[in-house]
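# Chain and residue survey
This is what each chain is made of:
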Amino acid sequence: MALINIDGDPWLTELDACENLSNDIQSQLAARNRENQLSRDYGVLSGTVRVRLKQLGSELDQLTRKLGLISNTLTAGETERRQRRIEALQSKLIQLQRQFTYVEPAAARSALFETSSSSRGRGAFDDDDDDEPALIPSQSNYTVADLRSQQTRILEDQNEGLEALSQVISRQKELATRIGGEVDRHNDILDDLAQTMETTDGRINRETRQIGTITTQDSTWGYWIVIGLLFVAIVLVGIF
């Protein structure tokens with residue numbers, strides 16, 4: 001269910017900005033995937049996407065902290081809905097990070113083939129080419145060191161994505177623990193209420209029996225009074 005930004009709620013405004021940022025990142029990833037991996041445009045788009053992914057992660061963390069600060073001014077249902085929106089964006093962030101680090105197998109093979117062909121054409125590879133960075137294709141400014149650096153950054157981004165996923169799972173676990181605690185407390189309250197009702201029902205039954213006994217006794221005394229009065233009247237009539 002989408003939240004409605006009522007009276008210019010700053011938190012909801014920032015949430016909308018994060019959603020727009022995630023959509024922009026998705027578009028830039030699609031544009032990057034259409035480029036050759038060794039082209040300059042591919043590198044520029046990769047750098048832009050990397051910066052925006054970190055920006056999105058930072059803004060989502062800020063939204064989570066702000067939600068904790070304003071949760072006492074919201075209903076429990078509204079707080080839960082906002083938390084679900086944040087978690088949905090965090091899951092999307094993880095998906096975007098995976099898309100960012102994923103390399104199409106066909107594109108990778110094509111890039112490798114172009115590199116190997118170019119190197120064979122120039123005879124640039126020697127026995128110690130792993131130690132000396134060489135220019136990979138003639139139309140690219142990337143060196144072996146640049147590719148290694150990019151691979152290192154990819155591994156770092158993967159680690160960040162796994163860490164974000166771990167945080168989401170931890171929050172889900174904490175939420176489940178809180179819900180379990182609330183259920184236990186409600187069960188205790190229901191048990192106490194049932195015991196109180198049972199005790200009250202026993203007292204009501206005892207009082208009802210006592211009232212019945214008193215009523216029976218009162219009715220018997222009335223009969224004896226009437227009988228006595230009739231007896232006295234009969235005696236008086238017999239005498240006179």
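Residues numbered from 1 in each chain as written. Predicted model: local features only at pLDDT ≥ 70, side-chain atom pairs only at ≥ 80, totals over all residues. Heavy atoms only, no water.

Going by the annotation in an unreviewed UniProt entry, the name recorded for the protein chain is t-SNARE coiled-coil homology domain-containing protein, with Anopheles minimus given as the source organism. Under Subcellular location (unreviewed entry), UniProt gives the following word-for-word description of the protein chain: "Membrane". (UniProt positions renumbered as here; feature names shortened; annotations may be inferred.)

### Describing the pattern of salt bridges
With the rule as written, the count across this model stands at 8 salt bridges. Its salt-bridge partner being E14, residue K66 comes within 2.7 Å of it at the nearest N-O pair. Here the residue K66 occupies a position in helix α2 (residues 40–70), and E14 occupies one in helix α1 (residues 10–33), the gap between them amounting to 52 residues. The exposure class assigned to E14 is partly exposed, which follows from its relative accessible area of 28%. E78 is the partner of R82 in a salt bridge, and the nearest nitrogen-oxygen pair spans 3.0 Å. Of the two residues, R82 and E78 are both situated in helix α3 (residues 76–101); the distance of 4 residues between them amounts to about one turn of the helix. Assessed through its relative accessible area of 3%, R82 is described here as buried. The exposure class of E78 is buried, given its relative accessible area of 16%. Through salt bridges with shared partners, one network takes in D9, E78, R81 and R82. (Salt bridge = Lys/Arg side-chain N within 4 Å of Asp/Glu carboxyl O. Helix = DSSP H or I, 4+ residues; strand = E, 2+ residues; numbered from the N terminus. Buried < 20%, exposed > 50% of the residue type's maximum accessible area, 1.4 Å probe, protein only.)

### Observations regarding a negative patch on the surface
Taken together, the side chains of D184, D188, D191 and D192 define an acidic patch exposed on the protein surface. Inspection of the secondary structure assignment puts D184 in helix α5 (residues 144–239). With relative accessibility at 46%, the residue D184 sits in the partly exposed group. (Patch = residues over 30% accessible without salt bridge, like charges linked within 9 Å, V, L, I, M, F, W, Y side chains within 5 Å. Areas by Shrake-Rupley, 256 points an atom, 1.4 Å probe, with all protein chains shown as cover. Lys, Arg positive; Asp, Glu negative; His and termini not counted. Charge placed at Lys NZ, Arg CZ, Asp CG, Glu CD.)

### Details of the nonpolar core
Counting 18 residues, the largest nonpolar core has W11, I25, L53, L56, L60 and L63 as the members making the most contacts within it. Those elements that provide at least two residues to this core are α1, α2 and α3. If one sorts the elements of this core by residue count, α1 sits on top with 7 residues. Those residues in contact with L63, other than ones at most four positions away along the chain, are W11, E14, L15, C18 and I86. (Core = buried A, V, L, I, M, F, W, Y, C linked by side-chain atoms within 4.5 Å. Contact = heavy atoms within 4.5 Å.)

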